[in-house]
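In case you want the letters, here they are:
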Amino acid sequence: MCRLFGMTTGGPRVRATFWLLDAPLSLSLQSRRMPDGTGLGWFSLGEEPVRDRAPIAAFKDADFNAEARGVVSHTYISHVRYASTGEINVHNSHPFVMDDRLFAHNGVVRGLDVLDSWLTDVDRALMQGQTDSELVFAYVTAEIRRHGDTTSGLIAAVRRIAAELPVFALNVLLAESGRIWALRYPETHELWVNWPSLGDPGDARDLDSDREPGHVKVASHREPCCAHVLASERMDDDPGWRLLAPGELLVVDGSEAHSLFPFEPPAHLLTHADLSPAESTSQT
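Since this is a predicted model, take the numbers as computed values, not measurements.

Peer 1: Looking at this structure, how should I read the overall build of the protein?
Peer 2: Counting secondary structure elements, the protein contains 8 helices and 15 strands. Looking at the protein as a whole, 56% of its 284 residues qualify as buried. Contacts spanning at least 24 positions in sequence make up 71% of the contacts within the protein whose residues lie at least 6 apart. When the accessible surface of the protein is split by element, carbon and sulfur atoms take 50% of a total near 11300 Å².

This is the structure we're talking about:
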């Protein structure tokens, strides 16, 4: 199945090299099992979302490797794809960008004709691909506009999808500048968070190493820096990893995080037996 990665420091701009390339279970290593696309998104110095995508595995993508080592940002979203719907092309690779937000999804949502009917022509104009993921994002974006608040719009969109459409999994990372929303829904796939502590300053790691407290390399200075890290699976043996509960929406705003549980179980929960062969293979 696809793999998600997200990280935000809440302010300091850092490199995500360790997690993307060097961790024991880095996203690059995971892409050897997820060969159908890769993408890395971040926020520029002007706080605008930037992303680079390709319909190949991350470990084969020279741009991904160069950006993983060179980009500095406070917030990242990355994704490696195992296709379930939509062709293998750049437009169907995650993350997607709409209204200055980045979005990536792991799972399967059915009833796309119904979901499409909930959108206006203005909503559809933001789309470039054919995946269930991008269609979900277009609807989430429409609900955020309608509610005037990202958390409220995301909750409203997921509630309606869960009530009216068949859902296998809807694990989501949504990012704005300095903020990430992470949803594990329902319990089909795992989603983990790591919030490393700075600990005792006298016990700080070597500040010249690539893996400082917080597991990030600070771009512009050598002070320790912590980050919330989100991932589909634990990427190293750090004891700070915590599995999100089924239905948990973790909202990371700056350096603070809180969890919400606003969802009922899906009304039309799909099982592996309900999936097509391609969908089932991609979700295993």
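Alright, that's what it looks like, and here's the rest.
Peer 1: Help me out: how do you make sense of the pattern of salt bridges in this one?
Peer 2: Overall, the coordinates contain 14 salt bridges when judged by the stated rule. Two residues, Arg-3 and Glu-233, come together in a salt bridge whose shortest N-O distance is 2.4 Å. With Arg-3 in strand β1 (residues 3-8) and Glu-233 in the loop between β12 (228-231) and β13 (241-243), the pair connects residues that are 230 residues apart, well separated along the chain. The class of Arg-3 is buried, set by a relative accessible area of 7%. The shortest N-O distance in the salt bridge between Glu-143 and Arg-146 comes to 2.9 Å.

Peer 1: I would appreciate a short explanation of the nonpolar core in the present structure.
Peer 2: Most often, soluble globular proteins keep nonpolar side chains buried together rather than apart. Leu-115, Val-136, Ile-161, Leu-170, Leu-174 and Leu-249 are the most contacted members of the largest nonpolar core, which has 31 residues in total. Those elements giving two or more residues to this core turn out to be β6 (96-98), β7 (101-109), α6 (132-147), α7 (150-164), β8 (167-176), β9 (179-183) and β14 (249-253). Here this core takes 7 residues from α6, the largest share from any one element. Excluding its chain neighbours within four sequence positions, the residues that come into contact with Leu-174 are Arg-101, Leu-102, Phe-103, Phe-137, Ile-144, Thr-150, Leu-154, Arg-179, Ile-180 and Trp-181. Grouped together as the second largest cluster of nonpolar side chains are 25 residues, Phe-5, Phe-18, Ala-23 and Trp-241 included.

Peer 1: Looking at this structure, I do not really get the pairing of strand β5 (residues 75-81). What am I missing?
Peer 2: Regular strands place their side chains on alternate faces of the sheet. Of all 7 residues in β5, 7 are buried, a share of seventy percent or more. The side-chain alternation of β5 yields two buried faces, one formed by Thr-75, Ile-77, His-79 and Arg-81 and the other by Tyr-76, Ser-78 and Val-80. In the sheet, β1 pairs with β5 via 6 bridges, with the strands oriented antiparallel. If you follow Met-7 over to β5, its bridge partner there is Tyr-76. Bridge count for strand β3 (residues 37-43) against β5 is 6 bridges, and the pairing is antiparallel. Counted as the bridge partner of Gly-37 is Arg-81 from β5.

Peer 1: Is there a simple way to explain unusual backbone geometry in this structure?
Peer 2: Generally, phi is negative for residues other than glycine and the peptide bonds are trans, each holding for most cases. The omega torsion of the bond from His-94 to Pro-95 falls at 0°, within 30 degrees of zero and hence cis. Assignment of secondary structure puts Pro-95 in the loop between β5 and β6.

Peer 1: What is the right way to read the sheet that holds β9 from this model?
Peer 2: Backbone hydrogen bonds are what pair the strands of a sheet, in a parallel or an antiparallel way. Read from one edge to the other, the open sheet built from 6 strands follows the order β6-β7-β8-β9-β14-β15, with strand pairing classed as antiparallel. Unpaired on one side and paired on the other, β6 and β15 (256-260) mark the two borders of the sheet. Ignoring which end each strand starts from, the neighbouring axes of this sheet average 20° apart. Examined bridge by bridge, β6 and β7 share 3 bridges and lie antiparallel to one another. Within the sheet, the bridge partner assigned to Met-98 lies in β7 and is Arg-101. Most of the contacts of α6 go to β7, to which it runs at about 125°, and overall it touches β6, β7 and β8. Contacts between α7 and the sheet are confined to β7, β8, β9, β14 and β15, with β8 contributing the most and set at about 170° to the helix.

Peer 1: What is the right way to look at α7 in this model?
Peer 2: With 15 residues, α7 should cover 21 Å at 1.5 Å per step; its first-to-last C-alpha distance of 21 Å lies within 8% of that length. Listed in full, the buried residues belonging to α7 are Thr-150, Thr-151, Gly-153, Leu-154, Ile-155, Ala-157, Val-158, Ile-161 and Ala-162. Looking at where α7 begins, the residue whose side-chain oxygen comes 3.2 Å from the main-chain nitrogen of Thr-151 is Asp-149.

Peer 1: Can you help me understand the packing of aromatic side chains in this one?
Peer 2: Two descriptors summarise a pair of aromatic rings, namely the distance from one centre to the other and the angle between the planes of the rings. For the coordinates displayed, the defined rule picks out 5 aromatic pairs. When the ring of Phe-103 is compared with that of Phe-137, the centres are 4.5 Å apart and the planes differ by 5°; the resulting orientation is stacked. Of this pair, Phe-103 sits in strand β7 while Phe-137 sits in helix α6, and the two are 34 residues apart along the sequence. By relative accessible area, which is 0% here, Phe-137 ends up buried. An aromatic cluster of at least three residues, connected via ring pairs, comprises Phe-18, Trp-19 and Trp-241. The ring centre of Phe-59 lies 4.0 Å from the NZ or CZ of Arg-32, which sits over that ring. We note Arg-160 situated over the ring of Trp-118; from NZ or CZ to the ring centre the distance is 3.9 Å.

Peer 1: How should I be thinking about the pairing of β15 in this particular structure?
Peer 2: Bridge count for β14 against β15 is 5 bridges, and the pairing is antiparallel. From the neighbouring strand, Leu-249 faces β15, where its bridge partner is Leu-260. Where β14 folds back onto β15 in an antiparallel hairpin, the turn is made up of 2 residues, including Gly-254, whose phi is positive at roughly 65°.

What counts, and at which threshold
Residues numbered from 1 in each chain as written. Predicted model: local features only at pLDDT ≥ 70, side-chain atom pairs only at ≥ 80, totals over all residues. Heavy atoms only, no water. Helix = DSSP H or I, 4+ residues; strand = E, 2+ residues; numbered from the N terminus. Buried < 20%, exposed > 50% of the residue type's maximum accessible area, 1.4 Å probe, protein only. Contact = heavy atoms within 4.5 Å. Areas by Shrake-Rupley, 256 points an atom, 1.4 Å probe, with all protein chains shown as cover. Salt bridge = Lys/Arg side-chain N within 4 Å of Asp/Glu carboxyl O. Core = buried A, V, L, I, M, F, W, Y, C linked by side-chain atoms within 4.5 Å. Pairing = 2+ DSSP bridges. Axes fitted to C-alpha atoms, helices over the stretch in contact; angles between N-to-C directions. Expected span 1.5 Å × (residues − 1). Polar contact = N/O pair within 3.5 Å; in protein donor to acceptor, adjacent residues only side chain to side chain. Phe/Tyr/Trp six-rings, centres within 6.5 Å; stacked < 30°, edge-to-face > 60°. Lys NZ or Arg CZ within 6 Å of the ring centre and 35° of its normal.

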